[in-house]
Amino acid sequence: MSDLNAILAPGMLVRHPGHPDWGLGQVQSNIDGKITVNFREAGKVVIDGARIALVPVFDP
């Protein structure tokens, strides 16, 4: 869905545009478009990068 998802690497911070209540998330892995993120309020979630464009956070 987003070319930005391709740059996401472990340790980067992101937000889920459809779930702002999940808070800030830290990318755990990005393998073949499946992005595992550990969100503060939702825990570990696997995101399909072809369907959801995560929003990188560069200044939390």
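Residues numbered from 1 in each chain as written. Predicted model: local features only at pLDDT ≥ 70, side-chain atom pairs only at ≥ 80, totals over all residues. Heavy atoms only, no water.

(A) Broad picture of the pattern of salt bridges. Under the defined criterion, the tally for this structure stands at 1 salt bridge. The residue Asp 48 makes a salt bridge to Lys 34 at a minimum N-O spacing of 3.7 Å. Pair noted here: Asp 48 is in strand β4 (residues 43-48) and Lys 34 is in strand β3 (residues 34-39), with a separation of 14 residues, a long-range link. Take Asp 48: its relative accessible area is 27%, and that puts it in the partly exposed class. (Salt bridge = Lys/Arg side-chain N within 4 Å of Asp/Glu carboxyl O. Helix = DSSP H or I, 4+ residues; strand = E, 2+ residues; numbered from the N terminus. Buried < 20%, exposed > 50% of the residue type's maximum accessible area, 1.4 Å probe, protein only.)

(B) Region of the structure containing the nonpolar core. Grouped together as the largest cluster of nonpolar side chains are 10 residues: Leu 8, Val 14, Trp 22, Val 27, Ile 35, Val 37, Phe 39, Val 45, Ile 47 and Leu 54. Of all the secondary-structure elements, those providing two or more residues to this core are β3 and β4. In terms of residues, this core owes the most to one element, β3, which gives 3 residues. (Core = buried A, V, L, I, M, F, W, Y, C linked by side-chain atoms within 4.5 Å.)

(C) A look at the pairing of β3. With 6 bridges connecting them, strand β2 (residues 25-31) and β3 associate as antiparallel partners. By the bridge assignment, Val 27 is partnered in β3 with Val 37. Count of turn residues in the β2/β3 antiparallel hairpin: 2 residues, of which Asp 32 carries a positive phi of about 50°. Across 6 bridges, β3 lies against β4 in antiparallel orientation. (Pairing = 2+ DSSP bridges.)

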